[in-house]
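What the coordinates show
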Amino acid sequence: ETSRRGVAGPACSGCSVAEAAVPTKSIPSVVSGDGVPDADRSGGAEAVSTWLMGASLLVVVTLLQGLLGHVQAILYRRSASAGSRNDLADEFLFTSHAVSFVPMIFLREDIGAALASAFASPPLSPLLPVPGRLVWMMLNNLMQLLCIRGVFRLGAHYP
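Source: prediction; values computed, not measured. (Residues numbered from 1 in each chain as written. Predicted model: local features only at pLDDT ≥ 70, side-chain atom pairs only at ≥ 80, totals over all residues. Heavy atoms only, no water.)

**Points about the overall build of the protein chain**
Of regular secondary structure, the protein chain possesses four helices and four strands. For the protein chain, the succession of helices and strands along the chain, N to C, is β-β-α-α-α-β-β-α. Of the accessible surface of the protein chain, which amounts to about 11,600 Å², a share of 68% is contributed by carbon and sulfur atoms. (Helix = DSSP H or I, 4+ residues; strand = E, 2+ residues; numbered from the N terminus. Areas by Shrake-Rupley, 256 points an atom, 1.4 Å probe, with all protein chains shown as cover.)

**Observations concerning the pairing of strand 4 (residues 128–131)**
As paired strands, strand 3 (residues 123–125) and strand 4 are joined by two bridges and run antiparallel to one another. Note that in strand 4 the partner of Pro-123 across the bridge is Pro-131. (Pairing = 2+ DSSP bridges.)

**Some points on the pattern of salt bridges**
If you walk through the whole model with that rule in mind, you get two salt bridges. For Arg-149, the salt bridge is made with Asp-90, and the minimal N-O distance between the two is 3.5 Å. On the criterion of sequence distance, the pair formed by Arg-149 in helix 4 (residues 132–157) and Asp-90 in helix 2 (residues 85–100) is long-range, its members being 59 residues apart. On the basis of relative accessible area, Arg-149 is assigned to the partly exposed category, the value being 38%. For Asp-90, a relative accessible area of 25% puts it in the partly exposed group. Among the salt bridges present, the one from Glu-109 reaches Arg-108, with a minimum N-O distance of 3.8 Å. Overall, Arg-108 belongs to the exposed group, its relative accessible area being 52%. (Salt bridge = Lys/Arg side-chain N within 4 Å of Asp/Glu carboxyl O. Buried < 20%, exposed > 50% of the residue type's maximum accessible area, 1.4 Å probe, protein only.)

**A word on the packing of helix 1 (residues 44–78) against helix 2**
Axis angle and axis distance: for two packed helices, these are the angle between their axes and the distance between the axes, and together they describe the pair. At a minimum axis distance of 11 Å, the contact between helix 1 and helix 2 shows a crossing angle of 135°. Here helix 1 lies oblique to helix 2, going by the angle between them. In the packing of helix 1 onto helix 2, the handedness of the crossing is right-handed. Contacts between helix 1 and helix 2 involve Leu-68, Val-71, Gln-72, Leu-75 and Tyr-76 from the former and Arg-85, Leu-88, Ala-89 and Phe-92 from the latter. In terms of residue class, the contact of helix 1 with helix 2 is made up of seven nonpolar, one polar and one charged. (Axes fitted to C-alpha atoms, helices over the stretch in contact; angles between N-to-C directions. Parallel < 35°, antiparallel > 145°, perpendicular 65-115°, else oblique. Left-handed = near helix turned anticlockwise from the far one by under 90°. Contact = heavy atoms within 4.5 Å. Nonpolar A, V, L, I, M, F, W, Y, C, P; charged D, E, K, R; others polar.)

**A short note on the packing of helix 3 (residues 108–120) against helix 4**
Axis separation between helix 3 and helix 4 bottoms out at 5 Å; the angle between their running directions is 120°. The segment helix 3 lies against helix 4, with Leu-115, Ser-117, Ala-118 and Phe-119 engaging Arg-133, Leu-134 and Met-137. Looking at the contact of helix 3 with helix 4, its residues break down into five nonpolar, one polar and one charged.

**Overview of the environment of Leu-154**
Among the secondary structure elements, Leu-154 is positioned in helix 4. Considered as a pair, Leu-154 and Ala-89 are 65 residues apart in the sequence and their alpha carbons are 8.8 Å apart.

**Points about the confidence of the model for the protein chain**
The pLDDT averaged across the protein chain works out to 76; a share of 72% of its residues lies at or above 70. In the model, residues 1–27 has pLDDT below 50 throughout and makes 37 contacts with residues more than four positions away in sequence or in other chains. (pLDDT = per-residue confidence, 0-100.)

**Digging into the side chain of Ser-121**
Here Ser-121 shows up in the loop between helix 3 and strand 3. Only 3.4 Å separates the side chain of Ser-121 from the backbone nitrogen of Gly-132, close enough to count as a polar contact. At 3.1 Å, the side chain of Ser-121 and the backbone nitrogen of Arg-133 are in polar contact. For Ser-121, the contacting residues outside a window of four places in its chain are Pro-131, Gly-132, Arg-133 and Leu-134. (Polar contact = N/O pair within 3.5 Å; in protein donor to acceptor, adjacent residues only side chain to side chain.)

Here it is, written out as structure tokens:
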């Protein structure tokens, strides 16, 4: 049994919500129809605390994205004479992503396990003997690249 649930893309601040088929048995519902956590229906206090942690992370990420927008506008104003807005957007995009790789050092075991799992996944089809998860991961990365590049370019032209 599956249902359609929205899953936000983690890396792209300006992209739309993607839809994913998620088994309903693996993710217990902790929110009733009116958006209020329901401790009695699905797992008690642990489920509510998980829901609150997720909601808190979304709030923090939203605030950080707002801060990033202001920092981006300030940097564009300060370095307006250094080059075109598209060049500045590309430079800021590269720098922000290069810096974000540093904390991944602490996640190297998890990243390695995820890559091993992706390479061990069954092929997408007999015509394309490439691991299915690897194909989906590459398509996801390509779409996120297009999205975030558009967000940075848009931010460069309308600060």
